[in-house]
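Structural overview
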Amino acid sequence: MNRFTLTVSAAIARVTESAHGPYQSAVIRIGFSATWLMFLLRELPHRAELYGPDSPWSWILARQLIDTNGAFTALMWSDGRVWFELVYALAVLASALLLVGWRTRTMSVLFMVGVLSLQNRSVFMGDGGDNVLHLMSIYLVFTRCGRVWSLDSRRARRAEAARARGERVTDRVGPALWLVLGAVLITVTATGGFHSQWTVPALLWAAWAAQALWWLVGRRTGSAEPRILLDVIGNILHNSALVVIMAEACLIYATAGWYKIQGSRWQDGTAVYYPLHLDYFSPWPALGGLLSSSGTMVMLVTYGTVVVQVAFPFTLFNRRVKNVLLAVMMTEHAAIAVVLGLPFFSLAMIAADAVFLPTPFLHRLGAWTLRARELVFSRDGRAPVPQQRAPENSEATHVGSRT
C-alpha cells in the first residue's frame, strides 16, 4: 500500500509540478504557425477566390452550412470585402507573432481564430494538412508554448534581470491587448455574432477571463498560494494538451495504416505507382517517372509506408526504435512535399511529428541555430548578444509562459 501511494504521489507530482516538453511545444508552435503563415502568403493573390467574396462557395452557402453544423468563423459576421481583408490580415499577423513567440498566450488564441475563420468559411479548400492544422490550432491554446525559443522567454529573462537590479518592471502591452480583445469579445457576444456552437465562444471567454485572473493574482495578492495553484492548473492543461497531440498523431498514423492494409493496391505493392502519374500530383513529372520506373522501388516504398504507419504507435515504448521510425516518417513527408507537390500537408505532419522529437536533439538543434546566427552576425560586423536560458522552474519561465 505504501509503494502504491508513493507511486501515485510521484505521478501526480510529475503532472503538476512542471510543464513538460518545453522544446517540443516550442517546435510545434513554430512549425504550425510557419505552415499556416506560408500558406496564407502563398495564396495572397488568390485569397478572395479561396475564402473571400469571390469564392465559388458563396457567403450565403457558407452561412447555410454553418447554421447547420454550428462551426465557428468570424467571416460570418459580415459579407463585406473590407471585413474579409481585415480578418485575413489579422490571421497573417497572428501567425507571424506566434512564430516568433510574442505574447504567445494571446497569439495562440488569435491564431486559432484565424485558422477556424478561414477554414470554416470554405470547407472544401485543403489537402488533408488543413485538418491537422485545424485541430492543432485548438490544442495550442492549452499549451505553454512560449517558454523557450520565443520573444516571451527573452522578455522574461530581461524582466528577471531588471528585478534583480532593484528596478521596477511594468507591462503595459499585456493589459492593453486584454482590454482591446475584451471589448471585441463583449461586442460580438452582445450583438449575437456567435452563430456557432458554444465550445469556441466558451473557450474565448475562458482564455480572456484566465488572463485577467492571472494578472490579478500576480499583482494584487501578497500570498504565494494562489499563484502556485494557477501554475499547477496551467501545468496540468499543458501536459494534457501534449498528451492529446501525441494521441492525435498516433491516431492519424494508425488509422491511415490500417485503412491502407485493406486496399488491394496496397496489398499487391503498387499503390505508390498511381499518384506519381496523376497530373495534379506531378509538379516534377520527370522525377515521378524516375521513381516509378523501378518496380522494386515502388514495392518497397508501398510496403514500407504501411509498416511504418502501423508500427509507429507501438514503438513509443522503445526510444531508439521510435526515433528511427520518426526520422523515416519525416523523410517520407519531405519526399511527399517535393514529389507530389503537397508542401503544406507535409509541413503540418512534420510539425505534428515534432512532439516526439528527443530533447537532447532539440538542445543540439538550438545550439546549431545559435552558432549559425553568431556566424551570420560576425560576418555582418556586429557582435552577437549572448543569451542564457532561464532554468525551467524559475520565475522567468513562468512569467514568459503567461503571456
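Preceding this paragraph is the structure being described.
All values reported here derive from a predicted model rather than from experimental measurement.

Calculation criteria
- Residues numbered from 1 in each chain as written.
- Predicted model: local features only at pLDDT ≥ 70, side-chain atom pairs only at ≥ 80, totals over all residues.
- Heavy atoms only, no water.
- Helix = DSSP H or I, 4+ residues; strand = E, 2+ residues; numbered from the N terminus.
- Rg over C-alpha atoms; globule rule 2.2 N^0.38 Å.
- Contact = heavy atoms within 4.5 Å.
- Areas by Shrake-Rupley, 256 points an atom, 1.4 Å probe, with all protein chains shown as cover.
- Lys, Arg positive; Asp, Glu negative; His and termini not counted.
- Charge placed at Lys NZ, Arg CZ, Asp CG, Glu CD.
- Salt bridge = Lys/Arg side-chain N within 4 Å of Asp/Glu carboxyl O.
- Buried < 20%, exposed > 50% of the residue type's maximum accessible area, 1.4 Å probe, protein only.
- Phe/Tyr/Trp six-rings, centres within 6.5 Å; stacked < 30°, edge-to-face > 60°.
- Lys NZ or Arg CZ within 6 Å of the ring centre and 35° of its normal.
- Core = buried A, V, L, I, M, F, W, Y, C linked by side-chain atoms within 4.5 Å.
- Axes fitted to C-alpha atoms, helices over the stretch in contact; angles between N-to-C directions.
- Parallel < 35°, antiparallel > 145°, perpendicular 65-115°, else oblique.
- Left-handed = near helix turned anticlockwise from the far one by under 90°.
- Nonpolar A, V, L, I, M, F, W, Y, C, P; charged D, E, K, R; others polar.

Across its full length, the chain holds 18 helices and zero strands. For a compact globule of 403 residues, the expected C-alpha radius of gyration is about 22 Å, and the chain comes in at 23 Å, within 12% of that figure. Referenced to the eigenvectors of the C-alpha coordinate spread, the extents of the chain come out at roughly 70 × 65 × 55 Å. Considering only intrachain contacts with a sequence separation of at least 6, the fraction spanning at least 24 residues in the chain is 76%. Carbon and sulfur atoms form 68% of the exposed surface of the chain, whose accessible area is close to 21800 Å². When the 35 basic and 24 acidic side-chain charges of the chain are each reduced to a single mean position, those positions are 9 Å apart.

Turning our eyes to something else, we now look at the pattern of salt bridges. Summed over the entire model, instances satisfying the criterion amount to nine salt bridges. Across the pair E167 and R165 runs a salt bridge, and its minimum N-O distance is 3.1 Å. Here E167 falls in the partly exposed class, since its relative accessible area comes to 42%.

The next subject is the environment of L216. Structurally, L216 is set in helix α10 (residues 199–220). Distance in space between the C-alpha atoms of L216 and P343 is 44 Å, their sequence separation being 127 residues.

A few words now on the packing of aromatic side chains. For the coordinates displayed, the defined rule picks out 16 aromatic pairs. When the ring of Y253 is compared with that of F312, the centres are 5.9 Å apart and the planes differ by 65°; the resulting orientation is edge-to-face. Of this pair, Y253 sits in helix α11 (residues 225–261) while F312 sits in the loop between α14 (295–311) and α15 (319–339), and the two are 59 residues apart along the sequence. Aromatic pair F361 and W368: ring centres 6.5 Å apart, planes at 80°, arrangement edge-to-face. Residue classification places W368 among the partly exposed positions, given a relative accessible area of 45%. An aromatic cluster is present here, built from F72, W77, W83 and F194 joined pairwise through their rings. In this structure, R103 packs its charged tip against the face of W102, placed 5.8 Å from the ring centre. The ring of W266 is capped by K260, whose NZ or CZ atom sits 5.2 Å from the centre of that ring.

By size, the foremost hydrophobic cluster in this structure holds 51 residues, and its most contacted members are F32, W36, L40, L118 and F312. The set of elements that each furnish at least two residues to this core consists of α2 (22–42), α3 (47–50), α5 (81–100), α6 (104–121), α7 (129–140), α11, α15 and α16 (343–353). Of all the elements, α2 adds the most residues to this core, at nine residues. Non-local contacts of L40, meaning those with residues more than four positions away in its chain, are made with Y88, A91, V92, S95 and L118. Counting 13 residues, the second largest nonpolar core, distinct from the first, contains F72, V113, L185 and L203.

Across the interface, α7 lies against α16 with an axial gap of 8 Å and an inter-helix angle of 40°. Considering their axes alone, α7 and α16 lie oblique with respect to each other. Relative to α16, the crossing made by α7 is left-handed. Judged by residue contacts, G129, V132 and M136 of α7 engage F345, A348, M349 and A352 from α16. The class makeup of the residues in the contact of α7 with α16 is six nonpolar, one polar and no charged.

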